[in-house]
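# A closer look at the structure
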Amino acid sequence: MLAAIGLSLPIALGLLFVSMPMAVIVLVMITAGAHRGAASFLLGWVLGISAVVAVTIVIADYSFAESESSQTSVWSSVVRIVLGLVLFGLAYKQWRARPRDGSDPTVPKWMKSIDGLTPRKAFGLAFLSAAVNPKNAALAVSGAATIAVATNVVAQQIVAAVIFTVIASVGIASPILVKVFSGKRADEILASAKSWMTANNAVMMTVILAILGATVLGEGLSGLQ
């Protein structure tokens, strides 16, 4: 179990940082007093990540059960290589989308519609962002595959998956935590965080995705030796 937690921890941390731009939604809802919407968004994110992780582990366990240990090793290595290449592709896409020549950063469509988000819509948006968005889903699948390779004991997989999901969700929960623990200074802190993330999102995502891509790809290649 410790191996499963340790090996999936860097990926969970990567998902934490990659999800930070989505935390802007929670941030805006918190500062606007829409606490139910913020809670619904956090719940949708947690369930979305949990669903991807659970499905991946079940599929991996079934595949491993039908394979020899050598085939299992090759399968898991191939999955890591594919996910590493996907992450590199996403990093390149983010780099191409960065603001240039002092231009203002492009505001994503989902960020423009924050004001009209009801708790139900916030839940749905968060769930889809966690389970369907390519970079989030790729990282969740990678972390879950790592857990499945590290241990085939269901109880240990569940504990590792819960820890993975909690760490991966800290970024989304951070505005709520800031609001709870920072009191009157929360609005100022959250406003500064929103401005910084909006301005630096593309470059930050490029660096994080590239590092994670190199890590996952390296693990996959080393497993084929």
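Residues numbered from 1 in each chain as written. Predicted model: local features only at pLDDT ≥ 70, side-chain atom pairs only at ≥ 80, totals over all residues. Heavy atoms only, no water.

## Topic: the confidence of the model for the protein chain
Short version of the rule: Every residue carries a pLDDT, the predictor's confidence in it, which falls somewhere between 0 and 100. Strands here mean DSSP runs of E at least two residues long; helices mean DSSP runs of H or I at least four residues long; both are numbered from the N terminus.
When pLDDT is averaged along the protein chain, the result is 78; 76% of the residues meet or exceed 70. The element-level mean pLDDT for the protein chain is lowest in helix α5 (residues 109-112), coming to 56, with helix α6 (residues 119-131) highest at 89.

## Comments concerning the nonpolar core
We count it as follows: As used here, the term nonpolar core means buried Ala, Val, Leu, Ile, Met, Phe, Trp, Tyr and Cys residues forming a set that is joined through side-chain atoms within 4.5 Å. Accessibility here uses a 1.4 Å probe with only protein chains present; expressed as a share of the type maximum, an area under 20% marks a residue as buried, one over 50% as exposed, and anything in between as partly exposed.
One finds F41, I49, V53, L87 and F164 to be the most contacted residues of the largest nonpolar core, which totals 47 residues. When contributions to this core are tallied by element, the ones reaching two or more residues are α1 (2-18), α2 (23-31), α3 (35-65), α4 (69-96), α6, α7 (134-150), α8 (154-182) and α9 (186-223).

## Quick notes on the side chain of S8
Stated formally: Any pair of residues with heavy atoms lying within 4.5 Å of one another is described as a contacting pair.
Within the secondary structure, S8 is located in helix α1. In this structure S8 comes out as buried when scored by relative accessible area, which is 2%. Beyond its immediate sequence surroundings of up to four residues, S8 is in contact with G143, T146, I147 and F164.

## Focus on the packing of aromatic side chains
In this description, an aromatic ring pair is defined by two values, namely the gap between the centres and the angle between the planes. Our working rule: Aromatic pairing here means that ring centres of Phe, Tyr or Trp (its six-membered ring) are within 6.5 Å. Orientation follows from the plane angle: under 30 degrees is stacked, over 60 is edge-to-face, and everything else is tilted.
Per the stated rule, a full pass over the model turns up 1 aromatic pair. Judged by centre distance (6.4 Å) and plane angle (20°), the rings of F123 and F127 are stacked. Placement of the pair is F123 and F127 together in helix α6, with a separation of 4 residues, close to one helical turn.

## What about a nonpolar patch on the surface?
Put simply, the rule is: Only residues whose relative accessible area exceeds 30% and that take part in no salt bridge are eligible for patches, with like-charged residues grouped when within 9 Å of each other and nonpolar side chains (Val, Leu, Ile, Met, Phe, Trp, Tyr) grouped when within 5 Å. In short, Shrake-Rupley with a 1.4 Å probe defines the accessible areas, and a residue's cover is counted only from the protein chains shown. We count a salt bridge whenever a side-chain nitrogen from Lys or Arg sits within 4 Å of a carboxyl oxygen from Asp or Glu.
Residues V154, I158, V162, V166 and V170 make up a contiguous nonpolar surface patch of about 420 Å² in total accessible area. Among the structural elements, V162 can be located in helix α8. You can call V162 partly exposed: its relative accessible area is 47%.

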